[in-house]
Amino acid sequence: MFIYDRLKDTGVPPSFEEMKDALGLKSKSGIHRLITALEERGFLRRLPHRARAMEIIRMPDAAAPGLKATPPPFSPSIIQGSLGQSHQDNEAEGTLIPMMGRIAAGVPIEAIQDHSHNVMVPPDMLGKGEHYALEIKGDSMINAGILDGDTVLIRKSSTARNGEIVVALVDDEEATLKRLRKKGDSIALEAANPAYETRIFGPDRVSVQGILAGLLRSY
């Protein structure tokens, strides 16, 4: 309704900054998600190769023709959390999960570091359970779409199904991100890059620390 009113009054869509202020948000990332959701639901269309170009396709059923709408103040729901556990941030724009350091997608490196900071994750990327984030170092999982510098979202788990991508702890001191393959009593940690060999261990040498749940990438 805010975009519709602005288009009707000026012929120019509002900027993300103006929409942020109108909804009382503190950053524009929430506006990006709202615009994407409205586009996916068929309310508006963004026009390519043009700045601030949006077209209203349909209006909400409850909107009377010509009705000028003023968005109500934004009042987020806040869920208190503790360190190491997922919780909603104060802007209700996503979920903060702990960043636990770097992990190798190549030759294993030192085990997972301690909590260093939090990262913001869209809540629809997270399912049930406790999650944490790790920064990827290396290129052994590139054929699975996981690149050096990516941030992976991990759901804590001590078990995994055959073929899942997991955080594996080798000999209680080396952590790596690999696809888990089980055959008999052997556990294989399989890369997604032909330049890397599959490493095979006995069951007592590998423990699962979590399962890949999502990925974040900055451009």
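Report follows, based on the coordinates. What you are looking at is a predicted structure, and each value in this text was computed from that prediction instead of being measured. (Residues numbered from 1 in each chain as written. Predicted model: local features only at pLDDT ≥ 70, side-chain atom pairs only at ≥ 80, totals over all residues. Heavy atoms only, no water.)

The subject of this paragraph is the environment of Glu197. Note that Glu197 resides in the loop between strand E11 (186–190) and strand E12 (199–201). Looking at Glu197, the relative accessible area reads 71%, which means it is exposed. The sequence separation of Glu197 and Ser140 amounts to 57 residues, and the corresponding C-alpha distance is 9.4 Å. (Helix = DSSP H or I, 4+ residues; strand = E, 2+ residues; numbered from the N terminus. Buried < 20%, exposed > 50% of the residue type's maximum accessible area, 1.4 Å probe, protein only.)

Right, let's get into the environment of Ala104. In this fold, Ala104 is placed in strand E4 (residues 95–104). Here Ala104 falls in the buried class, since its relative accessible area comes to 3%. For the pair Ala104 and Asp139, spaced 35 residues apart in sequence, the C-alpha to C-alpha distance is 8.6 Å.

Most of strand E9 (residues 165–170) is tucked away, with 6 of its 6 residues classed as buried. Between the antiparallel neighbours E9 and strand E10 (residues 174–183) lie 3 residues, among them Asp171 with a positive phi of about 55°. Here E9 pairs with strand E13 (residues 206–216) via 5 bridges, running antiparallel. Within E13, the position partnered with Val166 by the bridge is Ile211. (Pairing = 2+ DSSP bridges.)

Moving on, we get to helix H3 (residues 29–40). One full turn of an α-helix is made of 3.6 residues, so residues set three or four places apart face in the same direction. For H3, which comprises 12 residues, the first-to-last C-alpha distance of 17 Å matches the rise-based estimate of 16 Å (1.5 Å per residue) to within 8%. Gly30, Ile31 and Ile35 are the residues of H3 that are buried. Buried residues in H3, looked at end-on, bunch into an arc of 135°, giving them a common side. Tucked into the core, H3 has its buried residues touching helix H1 (2–10), helix H2 (16–23), strand E1 (44–46) and strand E2 (54–56). (Expected span 1.5 Å × (residues − 1). Arc of directions from axis to C-beta. Contact = heavy atoms within 4.5 Å.)

Let us look at H2. Every buried residue belonging to H2 is among Phe16, Met19 and Lys20, and all of these are buried. Buried residues along H2 cover an arc of 105° about the axis, so they all sit on one side. Of the surrounding secondary structure, the elements contacted by the buried residues of H2 are H1, H3 and E2. Downstream of H2 by one or two residues, Gly24 has phi in the positive range, about 75°.

A separate point is the packing of H2 against H3. Running from N to C, H2 and H3 cross one another at 100°; their axes reach a closest spacing of 9 Å. The pairing of H2 with H3 is recorded here as roughly perpendicular in orientation. Residues Phe16, Met19, Lys20 and Leu23 of H2 lie in contact with H3, whose contacting residues are Ile31, His32, Leu34 and Ile35. Classifying every residue of the contact of H2 with H3 gives 6 nonpolar, 1 polar and 1 charged. (Axes fitted to C-alpha atoms, helices over the stretch in contact; angles between N-to-C directions. Parallel < 35°, antiparallel > 145°, perpendicular 65-115°, else oblique. Nonpolar A, V, L, I, M, F, W, Y, C, P; charged D, E, K, R; others polar.)

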